[in-house]
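So the chains spell out like this:
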Amino acid sequence: MKALVWHGKQDIRYESVPDPEIEDGRDAIIKVTSCAICGSDLHLFHNLMPGMMPGDIVGHETMGEVVEVGKDNRALKVGDRIAVPFQMTCGECEQCRKGNFSVCETTNRKAKLAEAAFGRSTAGLFGYTHLTGGYSGGQAEYLRVPFAHHTHIKVPDSIPDEQALFLTDILPTGWQAAVYCDIEPDDTVAIWGAGPVGQMAIRSAILLGAKQVVAIDFLPERLSMAAAAGAITINPGEEGVKERLDELTDGKGPQKCIDAVGLEAHSQITPEHLYDRAKQSMMMETDRPHVLREMMLLCRPGGILSVPGVYGGVLDKVPFGAAMNKGLTIRTGQTHVKRWTDELIELIEDGALDPSFVITHTAPLSNGPAMYPTFESRKDNCIKVMLKPEMEAA
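So, here's what we can say about the structure.

Calculation rules
Residues numbered from 1 in each chain as written. Predicted model: local features only at pLDDT ≥ 70, side-chain atom pairs only at ≥ 80, totals over all residues. Heavy atoms only, no water. Helix = DSSP H or I, 4+ residues; strand = E, 2+ residues; numbered from the N terminus. Rg over C-alpha atoms; globule rule 2.2 N^0.38 Å. Buried < 20%, exposed > 50% of the residue type's maximum accessible area, 1.4 Å probe, protein only. Core = buried A, V, L, I, M, F, W, Y, C linked by side-chain atoms within 4.5 Å. Contact = heavy atoms within 4.5 Å. Disulfide = S-S within 2.5 Å. Pairing = 2+ DSSP bridges. Axes fitted to C-alpha atoms, helices over the stretch in contact; angles between N-to-C directions. Patch = residues over 30% accessible without salt bridge, like charges linked within 9 Å, V, L, I, M, F, W, Y side chains within 5 Å. Areas by Shrake-Rupley, 256 points an atom, 1.4 Å probe, with all protein chains shown as cover. Salt bridge = Lys/Arg side-chain N within 4 Å of Asp/Glu carboxyl O. Lys, Arg positive; Asp, Glu negative; His and termini not counted. Charge placed at Lys NZ, Arg CZ, Asp CG, Glu CD. Polar contact = N/O pair within 3.5 Å; in protein donor to acceptor, adjacent residues only side chain to side chain. Phe/Tyr/Trp six-rings, centres within 6.5 Å; stacked < 30°, edge-to-face > 60°. Lys NZ or Arg CZ within 6 Å of the ring centre and 35° of its normal. Parallel < 35°, antiparallel > 145°, perpendicular 65-115°, else oblique. Nonpolar A, V, L, I, M, F, W, Y, C, P; charged D, E, K, R; others polar.

### Brief notes about the overall build of the protein chain
Okay, so step 1: Within the protein chain one finds 13 helices and 16 strands.
Okay, so step 2: Computed over C-alpha atoms, the radius of gyration of the protein chain comes to 20 Å, within 12% of the 21 Å expected from 2.2 N^0.38 for 394 residues, which places it in the range of a compact globule.
Okay, so step 3: A principal-axis box enclosing the C-alpha atoms of the protein chain has dimensions of 60 × 50 × 45 Å.
Okay, so step 4: A buried classification covers 58% of the 394 residues belonging to the protein chain.

### Section: the nonpolar core
Okay, so step 1: Within the largest apolar cluster, 87 residues are counted, with the highest numbers of intra-cluster contacts made by Ile30, Val58, Leu171, Ile191, Leu344, Tyr372 and Leu387.
Okay, so step 2: Beyond its immediate stretch of four places on either side in the chain, isoleucine 191 contacts Gly198, Ala201, Ile202, Val213, Val214, Ala215, Ile216, Ile258 and Ala260.
Okay, so step 3: Ala190, Trp192, Val307 and Leu328 belong to the second largest nonpolar core, which has 20 residues in total.

### Some details on the state of the cysteines
Okay, so step 1: For the structure on display, the rule yields 0 disulfides.
Okay, so step 2: Free cysteine cysteine 93: the closest other cysteine sulfur is in cysteine 96, separated by 3.7 Å.

### What about the sheet that holds strand S2 (residues 11-16)?
Okay, so step 1: Taking strand neighbours across the sheet as the criterion, the 3 strands line up as S2-S1-S4 in an open arrangement whose pairing is antiparallel. Two strands lie at the open edges of the sheet, namely S2 and strand S4 (56-57), each paired on one side alone.
Okay, so step 2: Taken strand by strand, helix H13 (residues 368-377) contacts strand S1 (2-8) and S2, and its axis lies near 160 degrees from that of S2.

### Focus: the pairing of strand S12 (residues 256-259)
Okay, so step 1: Burial of S12 is two-sided: the residues Lys256 and Ile258 facing one way and the residues Cys257 and Asp259 facing the other way are all buried.
Okay, so step 2: Pairing of strand S9 (residues 188-192) with S12, which is carried by 4 bridges, proceeds in the parallel orientation. Bridging across to S12, valine 189 finds its partner in lysine 256.

### Focus: a negative patch on the surface
Okay, so step 1: Side chains of Asp342, Glu343, Glu346, Glu349 and Asp350 sit close together on the surface and give a patch of like negative charge.
Okay, so step 2: As for its placement among the helices and strands, glutamate 346 is situated in helix H12 (residues 337-350).
Okay, so step 3: Owing to a relative accessible area of 49%, glutamate 346 belongs among the partly exposed residues under this scheme.

### Concerning the sheet that holds strand S11 (residues 232-234)
Okay, so step 1: The parallel open sheet is built from 6 strands, whose spatial order is S11-S10-S9-S12-S13-S14. The two strands at the open ends of the sheet, each matched to only one other strand, are S11 and strand S14 (329-332). Neighbouring strand axes in the sheet, compared pairwise and without regard to direction, differ in orientation by 20 degrees on average.
Okay, so step 2: Of the strand pairs in this sheet, S9 and strand S10 (residues 212-216) are connected by 5 bridges, and their pairing is parallel. Counted as the bridge partner of alanine 190 is valine 214 from S10.
Okay, so step 3: This element, helix H7 (residues 220-229), spans S10 and S11 of the sheet and lies at about 160 degrees to S11.

### Here we look at the side chain of aspartate 287
Okay, so step 1: For aspartate 287, the location among the structural elements is in the loop between helix H9 (270-281) and helix H10 (290-298).
Okay, so step 2: No salt bridge forms around the buried aspartate 287; measuring N to O, its nearest opposite-charge neighbour arginine 288 is 8.8 Å away.
Okay, so step 3: Only 2.8 Å separates the side chain of aspartate 287 from the backbone nitrogen of glycine 312, close enough to count as a polar contact.
Okay, so step 4: At a separation of 3.3 Å, a polar atom in the side chain of aspartate 287 contacts the main-chain amide nitrogen of glycine 313.

### What to know about the packing of aromatic side chains
Okay, so step 1: Summed over all chains, the structure comprises 1 aromatic pair.
Okay, so step 2: Taking NZ or CZ as reference, arginine 109 lies 4.1 Å from the ring centre of tyrosine 135, over its face.
Okay, so step 3: Its end group placed over the ring of phenylalanine 357, arginine 203 keeps NZ or CZ at 3.7 Å from the ring centre.

### Brief notes about the pattern of salt bridges
Okay, so step 1: This model, assessed by the stated rule, comprises 24 salt bridges.
Okay, so step 2: Lysine 71 is paired through a salt bridge with aspartate 72; the nearest N and O atoms lie 3.2 Å apart.
Okay, so step 3: Of the charged contacts, one joins arginine 244 and glutamate 239 as a salt bridge, the two residues approaching to 3.9 Å between their closest N and O atoms.
Okay, so step 4: A residue is classified by how much of its surface remains accessible, and glutamate 239, at 31% relative accessible area, is partly exposed.

### What to know about the side chain of threonine 62
Okay, so step 1: Residue placement: threonine 62 occurs in strand S5 (residues 62-69).
Okay, so step 2: Residue threonine 62 is classed as buried on the basis of its relative accessible area of 2%.

### Describing the packing of helix H5 (residues 170-179) against H12
Okay, so step 1: Two elements in contact, H5 and H12, have axes whose closest approach is 10 Å; the angle formed by their N-to-C orientations is 100 degrees. Here H5 is positioned roughly perpendicular relative to H12, judged by the angle of their axes. Of the residues in H12, those in contact with Leu171, Pro172, Trp175, Gln176 and Val179 of H5 are Val337, Trp340, Glu343, Leu344, Leu347 and Ile348.
Okay, so step 2: In terms of residue class, the contact of H5 with H12 is made up of 9 nonpolar, 1 polar and 1 charged.

Here you go:
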């Protein structure tokens, strides 16, 4: 089959790889009908996440049709149409029983590596470093789904790929980010980053009843999309973030803040940005935490910081004293995708939420390597790239 394969920094190739096979009775194999490039795939593209090896197949936002099922898998049958959450879940361990699916205790087959990096292992992930199991990803024509008896979302016929695909990651990630804020009717929710996850968080916060939602980003295309949803926008290149947030909150700051950026943040403060870039290049710091710093300083005392943005390791110059002394609550973690599936499907079917708005580019799988730098630089107002393997024959 054809797949997108990682070979090093800024080196993603479209090439032939062996077809996947059933390896465990709980497995399933799907023919991929749609997949997407995620913002966090860019951390792999830039080689900022440890644990990638040449030959690894990337991608963790995938859906398709079941073409083969393991002998112990009673939950699926050939022909089922499923979306595949980015993390694998057994459904049986202590964490899965609590709904903490992203920290499943069973599915990371390289748990010792994760323990060395994080102290304890988290769940296995598709296409995302050997710290999370070294599993093949879904930017491919076919995908083996380990633990498929639980790691799947059956997609109703009423929901097209363009909506269902985002049940795998960015929609529940934005939703969880907003839910973690415990939004109340008088809240101002400030969201740093108006990329795909930020856009979903904006719409989620509005649906959950926030008084006002503020989107903070440098890119006019993203801010325009945020404004279309009803958000107030701030471009840090044109106005001060603190000054504008103070104006919107009577000088008190937002009660709730969401970091939808993560480890590759860009700062409008030149010395800070140069400091982070230099430390990152010398491997003295893995992540650029500008957004975390700004949220800790600007959030209202007693507020909540929700962090769906991906971080990989060690941060520097984080004002944790501000967070402690102001009594801020910090909630973070990879998304527990299946915890939110039922209510999100209902919102989509009822017409209250249509995640397809985020797609700006649709391309065949063979164009994937070219779409990575396009997505990175946001050429042609690129917000979200959807890849369609079945377009290969067209």
